[in-house]
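Each chain, letter by letter, is given below.
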Amino acid sequence: MPDHDPFQSLWTQQTAEPFTMSMSEIHSRASRFRSTIRTRNLTEYAAAALVLGVFGWMAWLIPQPVVKAGAIFIMLGTAYVVHALHRRGGTGKSLPDGMHPLADYHRGELVKQRDALASIWRWYLLPFVPGMLVFVGGVSFAPETGLPLVARLIQFGTAAGFAIAVFAGVYWLNMRGAKQLDAEIAALDEARRG
Amino acid sequence: MTQTSDQDERYREAAGSFGPALQRLARASEADPDRRRDLLQDMHVALWQSMSGFDGRCSLSTWVWRVAHNTAASHVDRERRRNTGKMALDDIAHLPDGRSVAAAHEQSDAIDRLNAWIRRLKLPDRQVMTLYLESLPAAEIAEITGLSPGAVATRISRLKAQLSKDFQEQTHA
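Throughout what follows, the structure given in this document is the object of discussion.

Reading the values: the criteria
Residues numbered from 1 in each chain as written. Chains lettered and ligands numbered in written order. Predicted model: local features only at pLDDT ≥ 70, side-chain atom pairs only at ≥ 80, totals over all residues. Heavy atoms only, no water. Helix = DSSP H or I, 4+ residues; strand = E, 2+ residues; numbered from the N terminus. Expected span 1.5 Å × (residues − 1). Buried < 20%, exposed > 50% of the residue type's maximum accessible area, 1.4 Å probe, protein only. Polar contact = N/O pair within 3.5 Å; in protein donor to acceptor, adjacent residues only side chain to side chain. Salt bridge = Lys/Arg side-chain N within 4 Å of Asp/Glu carboxyl O. Contact = heavy atoms within 4.5 Å. Buried area = accessible area lost by both parts, 1.4 Å probe. Nonpolar A, V, L, I, M, F, W, Y, C, P; charged D, E, K, R; others polar.

## What to know about helix α2 (residues 33-50) of chain B
All names here are of chain B. With 18 residues, α2 ought to run about 26 Å at 1.5 Å a step, and its terminal C-alpha atoms sit 25 Å apart, in line with that. Of all the positions in α2, only Arg36, Leu39, Leu40, Gln41, Met43, His44, Val45, Ala46, Leu47, Trp48, Gln49 and Ser50 are classed as buried. The opening residue of α2 is aspartate 32, an N-cap whose side-chain oxygen sits 3.2 Å from the backbone nitrogen of aspartate 34.

Laid out in structure tokens, this is it:
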């Protein structure tokens, strides 16, 4: 490398902007960061508690055994998703450290995001499917409605089809994201090989 | 001495030695002054947090560069996902226009042009280029980035040629 690259001189001639950060500001910003993560986790748990509460109330109130079973399955699915979220420790980024080379850290983050997106159907969508189908089936085929069978089938097909379309959309978006991350990982690996 | 005060002390040492370099990295990573200030603060906080794990297995310089670049990369990634398809107006206004390096030195916006050029690079190139501009040897750049020394040397050579071309070609045109 030449000793006097003009771009290196230009670079180091940059004037430093006034910047100070006291130790107490650093401590308080770090603590705000931790508190943001805690709030995000609490929001996820609160949303799960709401779902559990609503479907628990339905399971208690609705006499129809199939609908009741559907509500209980949805509650079980929610509990599983909360457990999976807790076990994964969220999908947020790790704190940057100086232990690992940049390419290793970046690759690790990309792989973590890719795996979370690629497996989301298994731990975030699938657990809700049985409960959703039983619940919608229970509502559609409840004897009290007095509807003809065809109307019940249409009602069930429409509700289940809508839910499946939403799930399929979420799945497709996540798999597309995972594929983009795969391409970024491959590009990074290529760069490392030089 | 408690762990926190050790951590504070190590941070002060690192911030004292690398403060201006962190500012240069923030400028090469973020064009918007407010978001740049946020990024710089994030770098300092990340550096302080990381100091609880600094065990001297690598040099302080390598450690600081890794933490700072990882923080900058996360910031750029977040901003890129937020602004997919958009390009900041100041980036468009400050694309290199091909002035010669000597002339660029005389221009008050030469540094902005250089920073805008760096911001357009993809991640590994941006990291290698900013470390090169800080005059780090190729071997240390390789240790920081995890690329092979050969790959670093090749990249630097290619990036320098491209940078010179972008600053000069319009002058000749």
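## Overview of the pattern of salt bridges
Residue and element names in this part refer to chain B. One pass over the full model with this rule turns up 14 salt bridges over all chains. A salt bridge links arginine 12 to glutamate 9, with the shortest nitrogen-to-oxygen separation between them at 3.4 Å. One end of the pair, arginine 12, and the other, glutamate 9, are both in helix α1 (residues 3-29), three residues apart, so they sit about a helical turn from each other. Looking at glutamate 9, the relative accessible area reads 43%, which means it is partly exposed.

## Digging into the interface of chain A and chain B
Counting from both sides, the interface comprises 44 residues of chain A and, opposite them, 66 residues of chain B. When chain A packs against chain B, close to 4800 Å² is buried across both sides, 62% of that on carbon and sulfur atoms. By the criterion of area lost to chain B, the three top residues of chain A are Phe7, Trp11 and Leu102 of chain A, representing 19% of everything that side buries. Between arginine 36 of chain B and glutamate 17 of chain A there is a salt bridge, and its shortest N-O distance comes to 3.3 Å. The tally of links between chain A and chain B comes to 17 residue pairs in polar contact (both at pLDDT 80 or more). Of the residues belonging to the side of chain A that touches chain B, the class tally is 24 nonpolar, twelve polar and eight charged.

## Quick word on the side chain of glutamine 41 of chain B
Within the fold, glutamine 41 of chain B resides in helix α2. What makes glutamine 41 of chain B buried here is its relative accessible area of 15%. Apart from the residues within four sequence positions on either side, glutamine 41 of chain B is in contact with Phe19, Met21 and Arg29 of chain A.

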